[in-house]
Amino acid sequence: MLIYGVNHFSYQDVLEIIKHPEKAILNEKSKQQITKSYQNVQKIVKSDKTVYGINTGFGPLCETKISEEETAKLQENLIISHSVGVGNPIAKDISKIMMVCKIHALSKGFSGISLDVVERLIVMLEKDIIPIVPEQGSVGASGDLAPLAHMVLPLLGLGKVWDGDAIVETRKSLEKYQLKPLQLQAKEGLALINGTQFILAHAIFGLEKFEYLLNLADLAAAFSIEAYQGSASPFKKELHEIRPYKGSKLVADRMLKFLKNSENLEYHENCGRVQDPYSMRCVPQVHGASRNAFEHLREMAEIELNSVTDNPIVISDEEAISGGNFHGQLMAMPLDYATLAASELGNISDRRSYLLLEGKYGLPKLLIESSGLNSGFMIPQYTTAALVTENKTLCFPASADSVPTSLGQEDHVSMGSISGRRFNQVLRNVENILAIELMFATQGIEFRRPLKSSKIIEENFAIIRKKVAKLEDDRLIGEDILTMVEMVRNREFRTL
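Here we come to the overall build of the protein chain. Scanning the protein chain from terminus to terminus reveals 19 helices and nine strands. A principal-axis box enclosing the C-alpha atoms of the protein chain has dimensions of 85 × 50 × 45 Å. Within the protein chain, the proportion of its 496 residues that are buried is 56%. Within the protein chain, residue pairs in contact and separated by at least 24 positions form 79% of the contacts whose partners lie at least 6 positions apart. Here the protein chain has roughly 20900 Å² of accessible surface; of this, 52% comes from carbon and sulfur atoms. Each charge class in the protein chain was averaged separately, 55 positive and 62 negative side chains, and the resulting centres sit 4 Å apart.

Here we take up the sheet that holds strand 4 (residues 130-131). Read from one edge to the other, the open sheet built from three strands follows the order 4-6-7, with strand pairing classed as antiparallel. Strands at the two margins of the open sheet, each flanked by one partner only, are strand 4 and strand 7 (166-169). Summarising the sheet, strand 6 (residues 160-163) and strand 7 pair through four bridges and their orientation is antiparallel. When the bridges of strand 7 are listed, Asp 163 appears paired with Ala 166.

Bringing helix 5 (residues 115-126) into the picture now. With 12 residues, helix 5 extends 16 Å between its outermost C-alpha atoms, agreeing within 8% with the 16 Å of an ideal straight helix rising 1.5 Å per residue. Among the residues making up helix 5, those that are buried are Val 117, Val 118, Arg 120, Leu 121, Ile 122, Met 124 and Leu 125. Here the buried face of helix 5 lies against helix 1 (11-19), helix 2 (28-46), helix 4 (92-106), strand 4 and helix 8 (188-193). Residue Asp 128 follows helix 5 closely and has a positive phi angle near 65 degrees.

On the surface, a cluster of negative charge is contributed by Glu 369, Glu 472, Asp 473 and Asp 474. As for its position among the elements, Glu 369 is in the loop between helix 15 (329-357) and helix 16 (380-394). Residue classification places Glu 369 among the exposed positions, given a relative accessible area of 61%.

What follows concerns the environment of Gln 75. Summarising the element assignment, Gln 75 is placed in helix 3 (residues 71-82). A C-alpha to C-alpha distance of 6.7 Å links Gln 75 and Gln 185, two positions 110 residues apart in sequence.

So, on to the packing of aromatic side chains. Counted according to the given criterion, the structure contains five aromatic pairs. In this structure an aromatic cluster arises from ring pairing among Phe 210, Phe 294 and Phe 423. Over the face of the ring belonging to Tyr 354 we find Arg 351, whose NZ or CZ atom lies 4.8 Å from the ring centre. Across from the ring centre of Phe 461, 4.7 Å away, lies the NZ or CZ of Arg 449, which sits over that ring.

Attention now goes to the side chain of Thr 495. Structurally, Thr 495 can be placed in the segment after helix 19 (477-489). Owing to a relative accessible area of 11%, Thr 495 belongs among the buried residues under this scheme.

Now for the pattern of salt bridges. Evaluated as defined, the whole model comprises 24 salt bridges. Its salt-bridge partner being Arg 298, residue Glu 295 comes within 3.1 Å of it at the nearest N-O pair. One end of the pair, Glu 295, and the other, Arg 298, are both in helix 14 (residues 283-305), three residues apart, so they sit about a helical turn from each other. The class of Arg 298 is partly exposed, set by a relative accessible area of 25%. One salt bridge in this structure joins Glu 358 and Lys 360, with 3.8 Å as the shortest N-O distance. By relative accessible area, Lys 360 is classed as partly exposed at 41%. Among the charged side chains, a network of salt bridges with common partners joins Lys 92, Lys 96 and Asp 128.

A cluster of nonpolar side chains, contributed by Phe 110, Ile 315 and Ile 321, occupies part of the molecular surface with about 240 Å² of accessible area. Relative to the helices and strands, Ile 315 resides in the loop between strand 8 (313-314) and strand 9 (320-321).

If you trace the backbone, Gly 416 turns up in helix 17 (residues 416-446). A C-alpha to C-alpha distance of 12 Å links Gly 416 and Phe 396, two positions 20 residues apart in sequence. Those residues in contact with Gly 416, other than ones at most four positions away along the chain, are Val 139, Gly 140, Ile 199, Ala 332 and Leu 335.

What follows is about the pairing of strand 6. Each regular strand carries side chains that alternate between the two faces of the sheet. Summarising the sheet, strand 4 and strand 6 pair through two bridges and their orientation is antiparallel. For Ile 130, the partnering residue across the bridge sits in strand 6 and is Trp 162.

With that settled, consider helix 9 (residues 197-228). An α-helical segment advances 3.6 residues per turn. Residues three or four places apart therefore align on the same side. Helix length check: helix 9, at 32 residues, gives a terminal C-alpha distance of 45 Å against a target of 46 Å (1.5 Å per residue), a fit within 8%. Along its length, helix 9 reaches its greatest deviation from straightness, about 30 degrees, at Leu 207. Buried residues dominate helix 9, accounting for 29 of its 32 residues. Positive phi appears at Gln 229, one or two residues downstream of helix 9, with a value of about 50 degrees.

Time to look at the nonpolar core. Core analysis: the biggest nonpolar cluster contains 129 residues, and Tyr 4, Phe 210 and Phe 493 have the highest contact counts within it. Take this core: its biggest share by element is 21 residues, from helix 9. Val 41, Ile 44, Val 45 and Ala 186 belong to the second largest nonpolar core, which has seven residues in total.

Another point: unusual backbone geometry. Trans peptide bonds make up most of the peptide bonds, and negative phi angles are found at most residues other than glycine. For the peptide bond that leads from Ala 141 to Ser 142, omega is 10 degrees, which places it in the cis range. With respect to the helices, strands and loops of the structure, Ser 142 is situated in the loop between strand 5 (134-136) and helix 6 (145-152). A cis amide bond links Asn 311 with the next residue in sequence, Pro 312, at an omega value of -5 degrees. With respect to the secondary-structure elements, Pro 312 resides in the loop between helix 14 and strand 8. The backbone of Gln 178 shows a phi angle near 55 degrees, a positive value even though the residue is not glycine. As for its placement among the helices and strands, Gln 178 is situated in the loop between helix 7 (170-176) and helix 8. Non-glycine residue Met 415 carries a positive phi angle of around 60 degrees. Mapped onto the fold, Met 415 is located in the loop between helix 16 and helix 17. Of the residues examined, Met 415 reaches a relative accessible area of 8% and is grouped as buried.

Cut-off values and rules
- Counting of residues starts from 1 at the beginning of each chain's written sequence and follows it residue by residue.
- Whole-chain, interface and lining totals are the exception, using all residues; otherwise, since this is a predicted model, local features are given only for residues with pLDDT of at least 70 and side-chain atom pairs are given and counted only at 80 or more.
- Processing note: side-chain calculations cover all non-hydrogen atoms of the structure and skip hydrogens and water entirely.
- To qualify as a helix, a DSSP run of H or I must reach at least 4 residues; to qualify as a strand, a run of E must reach at least 2; elements of each kind are numbered from the N terminus.
- Each residue is placed in one exposure class: buried if its accessible area under a 1.4 Å probe, protein chains only, is under 20% of its type's maximum, exposed if it is over 50%, and partly exposed if it falls in between.
- The criterion used for residue contact is that any of the two residues' heavy atoms lie within 4.5 Å.
- Under the convention used here, a 1.4 Å probe and the Shrake-Rupley method define accessible areas, while residue burial counts only the protein chains that appear.
- Counted as positive: Lys and Arg. Counted as negative: Asp and Glu, with His and the chain ends omitted from the count.
- For the purpose of locating charges, the reference atoms are NZ of Lys, CZ of Arg, CG of Asp and CD of Glu.
- When DSSP finds at least two bridges between two strands, those strands are taken to pair.
- To estimate the expected span of a helix, subtract one from its residue number and multiply by 1.5 Å.
- Patch rule: a residue counts if its relative accessible area is over 30% and it has no salt bridge; like charges are joined within 9 Å, and nonpolar side chains (Val, Leu, Ile, Met, Phe, Trp, Tyr) within 5 Å.
- A carboxyl oxygen of Asp or Glu within 4 Å of a side-chain nitrogen of Lys or Arg is what we treat as a salt bridge.
- In this analysis, rings of Phe, Tyr and Trp, with Trp reduced to its six-membered ring, are considered paired at centre separations within 6.5 Å, and the interplanar angle assigns stacked below 30 degrees, edge-to-face beyond 60, and tilted for intermediate values.
- Criterion for a charge above a ring: Arg CZ or Lys NZ at most 6 Å from the ring centre, at most 35 degrees from the ring normal.
- Bending is quantified residue by residue as the angle between axes fitted to the seven-residue window ending at that residue and the seven-residue window starting at it.
- By nonpolar core is meant a set of buried Ala, Val, Leu, Ile, Met, Phe, Trp, Tyr and Cys residues that side-chain atoms within 4.5 Å join together.

Written as structure tokens, this is what we have:
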């Protein structure tokens, strides 16, 4: 059982909670943390102190004092006025991740929010009342204002939510579960929409896929090396101990395991070929660099996940600090780095696919015996080339840009929401690129028979051949690609 606001969550914990919301709860300690912070805000409201976001307007209106009687209306206006996102809804699971991250942050007891609001978010998660959140509109400071405003509109009975796979008006869903809209109090609206949960949710959603694709990329490289009858020497431990990057050491070890006892590689050991092209020889260095980026993003995301990122931070009934914990730069830059790292997995994969088409070292040109009459695998490589180039265009770092907002009060922003969305776009493209490389390499291994590949390569070869047959003559290869992509997305391969 995971405790909101108390336990240190990993990104895998969050992914488990969105599947099984009942696995995370508030305990007595987290409830006390929330209640104490809420009581501190109430004392500030009744005092003569002017505290940003509690009894003032927001952004450039921070010097406008708001009376105690107007506080509730101020919070409602804040949510409504900030719900200006555009574009398609983000994936339902990303909305769920946003909710989990927000609940965890609010439960740490520095946000001044009531227990009723936090418990309502938990009820929504458990009953699968998931807000519709548009994908565009956040500049990543003061946090993800527009996306979070859309996420909490259902608390007021407004906006739209998922009902299964359908989209319905919130009021219908609330009526279904006999829930009434809430009336927000001082600081609550600001606590709900200030924070980096949109950026963070995209990072967490992408991390699991990125980790799988790193493993799959190693498998695809091993497949291609088997088909090419390349060398395993570049993966020897001694080489990587003298340049001991964690990622490259791990990949080199994995490659040796993938290629262990391969008849293809043993057969080729004493040939005249001096060395393999970089896309095969440098797999540990390239894939390893991407693994290092994955580890960096994971570390940053888990710090963010267990942080408080709204504003102001309520320290006591006398002090609320107006700072910048909502600024998304700390996540935007690692996301941009991870986007580049994911893109490189596709870039080097496309090069290995191309090598298999050249007709060298015993492989037929275009991986088909009767080329000329048949185009074989010529055109799928056009697809990988297109996807690789698309990924390159998505690698421009969004965090390198900033456009002032809020009449200059918010004069430097992170654009981290764009970083998060691009990261996931690139990952989707890499799924397709690796699926095509696996299809090419499987065809290449056919021409090495009766020699056997390593045990694990043969197991994965059989998995592919159950659904995608050897290409003898031109057919609708596009259907084969879709099948391969589905296998990648369903994680049907053994990747160690």
